[in-house]
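Spelled out, the chains give:
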Amino acid sequence: MTKDKKQLQIRNREIMDKLDELDLKAKRENRKFTDEENAEYDSLMREHVLNREKLAGMATDAELAKMREHVDKSVQLREFIKGVKEGRENATTILQNAVTDGTDKNGNANLQAGGLLPITIKDLMDTKVEGIDLPRSLRISTGVTGEEVYPYSVDDVEIRVAGEVETIGEQALNFDNIKAVSERLAAQVAVSNNAIDNAAFDLFSFVVFKFQKALRITWAKHLLSHAAWKNNLKSPFALVTAKTIALDNDFAENLAVEVAEIADLGFTSTPELVIDKVTEARLSFRPRIAGDPASGTVIQDGKIAGFDYITSGHVNGELNAQGKYVKSSDRYIGIGNWDMVAVEQRGEARFTVDATSAPVSARNTTVFTLNTNASITELSSKVNGNPDSKPQAFKLLKIVAATT
């Protein structure tokens, strides 16, 4: 079946998200692509190019001009990064070893010629963070423009038993909507030009990677924690009233009931739970049914009480009295039907590099700036005539000790 323009655009955004995911995973693990990842990367790039060619055939003159402008800028950026990388590698070679090939042969201006021990500069060790993987069923839309409105039906038709000639009253179907409210996401980093000039690695690409990582951390904090942010980027877990669940002999059964209560309201998509690593370790050894070893453990075969889950310490995240984001000493379980939250990166994601303005040049720095907008819209709070307007497809459970 031939895809239309919108489907091709959506697919290309999915491809770019997957390419970013592959790149981020390899960089986080400080390794090169595996053969399978290289094959997947090449396959996705071929599909992306083919889709762009199809889109170009469907585009108007104005759209085509904009696409060419985007390609030109991408080529310029790629060539710039390539030049930085090649220049760095050449300089590093001259510093450590004799150059015997090419047009810039040099047998003396190097450490080897002086009988010195060459310095090997390892890859920069990145910071270690956990819990930035998001639920698999969550979808983040990118490049969304215009005002987003989610209409919903307030009530259903009621069938009545009536007499053969009895007149029945008319019923009205009522509708309402939820509007997405976006917030600006921004960050700015200044890097010394001396660091850029002397770095034995591609510092430009590393800074870009750090911005990508920062966005993943931001999404994890705002989607998985119960922090009551003073903005509209709140997790569904911040909008519900936390309940308690005792770590006793009935823990697995009670957890399953909590999940089932969401399905009982009509939200029957696959739920996905969020727990921290310590809770995962404890539940991996805790019997599912007390006194019955054959029942297994609460967590087994990659599921908790039979349900999918991810691990993230951000599920314990909250704001302290000073409004600072911290991870609570208490441990929580988040339950979510993640198809009932709309996450959008809105408009353009603008990444600018300034090395020439007067204030920046005066400090001998290069400044990297990211600006974009995003929204998180919980969708289950209003349907079914919900009286308290709190999310119905999400729950937050605080784990407490068993009572004796």
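Predicted model, so just to flag it, every value in this text is computed and none were measured.

(A) Fine view of the overall build of the chain. Along its length, the chain carries 8 helices and 15 strands. Buried positions account for 33% of the 404 residues belonging to the chain. Here the contacts in the chain between residues at least 6 apart in sequence split such that 70% fall between residues at least 24 apart. Of the roughly 24,600 Å² that the chain leaves accessible, carbon and sulfur atoms contribute 53%.

(B) Region of the structure containing the pattern of salt bridges. Applying the stated criterion across every chain yields a total of 14 salt bridges. Between Arg216 and Asp133 there is a salt bridge, with its nearest N and O atoms 3.7 Å apart. Of this pair, Arg216 sits in helix α5 (residues 203-224) while Asp133 sits in the loop between α3 (61-96) and β1 (140-144), placing them 83 residues apart in sequence. Take Asp133: its relative accessible area is 42%, and that puts it in the partly exposed class.

(C) Broad picture of the nonpolar core. Core analysis: the largest hydrophobic core is formed by 48 residues, its most contacted members being Leu255, Leu273, Ile304, Ile333, Ile335 and Trp338. Considering every element that reaches this core, the biggest residue donor is helix α6 (residues 251-263), with 5 residues. Grouped together as the second largest cluster of nonpolar side chains are 10 residues, Phe204, Val207, Phe209 and Phe211 included.

(D) Structural detail: helix α1 (residues 5-28). For α1, which comprises 24 residues, the first-to-last C-alpha distance of 34 Å matches the rise-based estimate of 34 Å (1.5 Å per residue) to within 8%. Taken together, the buried positions of α1 are occupied by Leu8, Asn12, Ile15, Leu19, Leu22, Leu24 and Ala26. Downstream of α1 by a residue or two, Asn30 has a phi angle that is positive, lying close to 55°.

(E) Summary view of the side chain of Glu258. Following the sequence through the fold, Glu258 ends up in helix α6. For Glu258, the residues in contact, after removing those within four places along its chain, are Lys243, Ile335, Lys395 and Leu397.

(F) Representation of unusual backbone geometry within the structure. Backbone geometry places Ala305, a non-glycine residue, at a positive phi of 50°. Among the structural elements, Ala305 can be located in the loop between β8 (303-304) and β9 (308-311).

(G) Region of the structure containing the packing of aromatic side chains. In the structure shown here, the tally under the stated rule is 7 aromatic pairs. Note on Phe211 and Phe351: the rings are 5.2 Å apart at their centroids and 75° apart in plane angle, and the pair reads as edge-to-face. Residue Phe211 is found in helix α5, and its partner Phe351 is found in strand β13 (residues 341-354); the two are separated by 140 residues along the sequence. Ring plane angle 75° and centroid distance 6.1 Å describe the contact between Phe237 and Phe394, whose orientation is recorded as edge-to-face. Within this pair, whereas Phe237 is found in the loop between α5 and β5 (243-247), its partner Phe394 is found in strand β15 (residues 394-401), the two being separated by 157 residues in sequence. On the basis of relative accessible area, Phe237 is assigned to the buried category, the value being 1%. For Phe394, a relative accessible area of 2% corresponds to the buried category. Joined through ring pairs, the aromatic side chains of Phe211, Phe351 and Phe368 make up one cluster.

(H) Examining the pairing of strand β6 (residues 272-275) more closely. Judged by which residues are buried, β6 turns out to be covered on both faces: Glu272 and Val274 on one side and Leu273 and Ile275 on the other are all buried. Pairing between β6 and β9: 4 bridges, direction parallel. From the neighbouring strand, Val274 faces β9, where its bridge partner is Ile310. Note that β6 and strand β12 (residues 332-336) share 3 bridges and pair antiparallel. Each residue of the ladder has a partner; that of Glu272, found in β12, is Gly336.

(I) Structural view of the pairing of β12. β12 sits mainly inside the fold: 5 of its 5 residues count as buried. Side chains Tyr332, Gly334 and Gly336 of β12 all project onto a buried face; the interleaved residues Ile333 and Ile335 project onto the opposite face, where all are buried too. Judged from the 5 bridges that link them, β12 and β15 form a sheet pairing that is antiparallel. What sits directly across from Gly334, in β15, is Leu396.

(J) Main features of the confidence of the model for the chain. Averaged over every residue, the pLDDT of the chain is 79; residues scoring 70 or more account for 74%. In the model of the chain, α3 stands out as the element of lowest mean pLDDT, 49, in contrast to β12, which has the highest, 97. Low confidence marks residues 84-95, where pLDDT is under 50. Its contacts with residues over four positions away, or in another chain, come to 14 contacts. Low pLDDT (under 50) marks residues 117-122, which in the prediction has 7 contacts with non-local residues, meaning those over four places away or in another chain.

(K) Region of the structure containing the side chain of Arg346. The residue Arg346 is located in strand β13 in this model. A relative accessible area of 10% places Arg346 in the buried class. Here the side chain of Arg346 touches Glu344 through a polar contact of 2.6 Å, side chain to side chain.

Conventions used here
Residues numbered from 1 in each chain as written. Predicted model: local features only at pLDDT ≥ 70, side-chain atom pairs only at ≥ 80, totals over all residues. Heavy atoms only, no water. Helix = DSSP H or I, 4+ residues; strand = E, 2+ residues; numbered from the N terminus. Buried < 20%, exposed > 50% of the residue type's maximum accessible area, 1.4 Å probe, protein only. Contact = heavy atoms within 4.5 Å. Areas by Shrake-Rupley, 256 points an atom, 1.4 Å probe, with all protein chains shown as cover. Salt bridge = Lys/Arg side-chain N within 4 Å of Asp/Glu carboxyl O. Core = buried A, V, L, I, M, F, W, Y, C linked by side-chain atoms within 4.5 Å. Expected span 1.5 Å × (residues − 1). Phe/Tyr/Trp six-rings, centres within 6.5 Å; stacked < 30°, edge-to-face > 60°. Pairing = 2+ DSSP bridges. pLDDT = per-residue confidence, 0-100. Polar contact = N/O pair within 3.5 Å; in protein donor to acceptor, adjacent residues only side chain to side chain.

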